Amino acid sequence: MVLAAAALVVAGCAEEQPAPGAPGAPESGPFKIGAVLDITGAGASLGVPERDTLTMLTEQLNAAGGIDGRQVEMIIEDDASTEDGAARATSKLITEDQVDILLGASRTGPSLAMRPIAESTPIPMISLAANVAIVDGSEWVFKTAQNDSVVIENIVADAASKGYRTLALARDASGFGEGVRELFDQVGAPAGISVVAVETFAPDATDFTAQMVNIRNANADAVVIWGIPPAAGLAQKAYVQLGVGKPVYQSHGIGNQVFLDTAAESADGLVAPLGRLVVADQLPADDPQKQVITDFIGDYRAEYNAAPSTFAGHAYDGFQLAVDALRTVGSEPQAIRDHLEGVTDFVGVSGTFSMSAEDHSGLDADDLVLVTVREQKFQLAGP
């Protein structure tokens, strides 16, 4: 009888305690953040600095006591710049590692491969890539890179101010370039700007002769090259070598030293809408992002003896948004998702984020600045 009574007491206590991870359950042990990055393959120039950023920030946070005394475990997987690799890594992080939140991937294609897994699990996910399709209509997926649509808004506005009416587009054939022509048509129409030629190239392409000959023959008012390094830099070199001779815009995919090293002197004079990180030393003192960016650059230089890239900034923002959510609401998935959707005026490296149910990116055209290249350095573009 005594044993039976004791069993009833234990059972009653068990019924009163929510299961681990359930709302109201006491939380202990480390928070787990899983990241899927393009560390090898075509997206390595994005994924490597993102990996380094996440490693540095995790070490800093844990050295300072973690989140309310709980350490953060960062588990990073390499998707080898492939969609299949991203899907496998995502499944592993969810089922085996049981992470609380996902970051990644570095590029659009792998991020799109992650999205349906995150949505169906469900688990909150913050992509570091650009294409609006990553978050369009999503419930559980957010992102830190500026949408391609706001990049195009900046290009169209500048082109209109200079009297350009026709554009020739050379774009990445992967997910990063999907829908770009259509967005140019949509955004450009009110300004009387149209795309008259489109050429595509693989993310790992090395020869751009055929594309640039066709771009040259289109005789458009200006050229847009939409890609990531090193391909974007090689396309820039081919554009100069083949004497296209038109003003050129690059996309927001070029914000790192790899592009400048690859394009070399051929980059001088191009225009690109980029985040403020690449021109941090040229920002006015009252810019709300200046202190955040300056501190990040200082920490990254001290750790790696190199300047962080735009893509490192995307990882910084993803990490800080994830930590803010975990600190505020804990590890319950729905609570994290709801918190991210309510983020307002969150100052990061890529911009000032204000999310909503209709906008899981939270950035607009003002979170970019027009940048040019002079003597192989990024400079704020003049009026």
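Above this text sits the structure in question.
Caption draft 1: Seen up close, the packing of aromatic side chains. In total, this model carries seven aromatic pairs according to the counting rule given. Between Tyr 164 and Tyr 249, the ring centres sit 6.5 Å apart and the planes meet at 75 degrees, which makes this aromatic pair edge-to-face. Here Tyr 249 lies in strand β9 (residues 248–250) and Tyr 164 lies in the loop between α5 (148–161) and β6 (166–172), a separation of 85 residues in the sequence. Summarising the burial analysis for this pair, Tyr 164 and Tyr 249 share the class buried. Cluster of aromatic residues (ring-pair linked, three or more members): Phe 296, Tyr 300, Tyr 304 and Tyr 316. When the ring centre of Phe 31 is taken as origin, the NZ or CZ atom of Arg 70, which lies over that ring, is 3.8 Å away.

Caption draft 2: Layout of the side chain of Asp 100. The topology assignment puts Asp 100 in the loop between α3 (83–95) and β3 (101–104). No salt bridge is formed by the buried Asp 100; the nearest opposite charge belongs to Arg 70, separated by 5.5 Å. Beyond its immediate sequence surroundings of up to four residues, Asp 100 is in contact with Pro 30, Phe 31, Lys 32, Ile 123, Pro 124, Leu 326, Ser 331 and Ile 336.

Caption draft 3: How the structure looks around the packing of helix α2 (residues 44–63) against helix α11 (residues 310–329). Contact pair α2 / α11: the axes reach a minimum separation of 8 Å and the direction vectors enclose 35 degrees. Judged by the twist between their axes, the crossing of α2 over α11 is right-handed. Residue-level contacts link Ser 45, Leu 46, Pro 49, Glu 50, Thr 53, Leu 54, Leu 57, Thr 58 and Leu 61 of α2 to Phe 311, Ala 312, Ala 315, Tyr 316, Phe 319, Gln 320, Val 323 and Arg 327 of α11. Its residues assigned to classes, the contact of α2 with α11 shows 11 nonpolar, four polar and two charged.

Caption draft 4: Quick peek at the nonpolar core. Membership of the largest hydrophobic core comes to 73 residues, with the highest contact counts inside it found for Ile 33, Met 212 and Phe 378. Sort the elements by how many residues they give to this core and α11 lands first, with nine residues. The residues contacting Ile 33, other than those within four sequence positions of it, are Val 72, Glu 73, Met 74, Ile 75, Val 99, Ile 101, Leu 103, Phe 319, Ala 322 and Leu 326. Core analysis: the second largest hydrophobic core is formed by 27 residues, Leu 167, Val 180, Val 195 and Trp 226 among them.

Caption draft 5: Structural context of the pairing of strand β1 (residues 31–37). Of all seven residues in β1, six are buried, a share of seventy percent or more. One ladder, built from seven bridges, connects β1 with strand β2 (residues 72–78); its direction is parallel. Bridge pairing in β2 places Ala 35 opposite Ile 76. In this sheet, β3 lies alongside β1 in parallel orientation, the contact comprising four bridges. Paired with Gly 34 across the strands is Leu 102, a residue of β3.

Thresholds, definitions, all that
Residues numbered from 1 in each chain as written. Predicted model: local features only at pLDDT ≥ 70, side-chain atom pairs only at ≥ 80, totals over all residues. Heavy atoms only, no water. Phe/Tyr/Trp six-rings, centres within 6.5 Å; stacked < 30°, edge-to-face > 60°. Helix = DSSP H or I, 4+ residues; strand = E, 2+ residues; numbered from the N terminus. Buried < 20%, exposed > 50% of the residue type's maximum accessible area, 1.4 Å probe, protein only. Lys NZ or Arg CZ within 6 Å of the ring centre and 35° of its normal. Lys, Arg positive; Asp, Glu negative; His and termini not counted. Salt bridge = Lys/Arg side-chain N within 4 Å of Asp/Glu carboxyl O. Contact = heavy atoms within 4.5 Å. Axes fitted to C-alpha atoms, helices over the stretch in contact; angles between N-to-C directions. Left-handed = near helix turned anticlockwise from the far one by under 90°. Nonpolar A, V, L, I, M, F, W, Y, C, P; charged D, E, K, R; others polar. Core = buried A, V, L, I, M, F, W, Y, C linked by side-chain atoms within 4.5 Å. Pairing = 2+ DSSP bridges.

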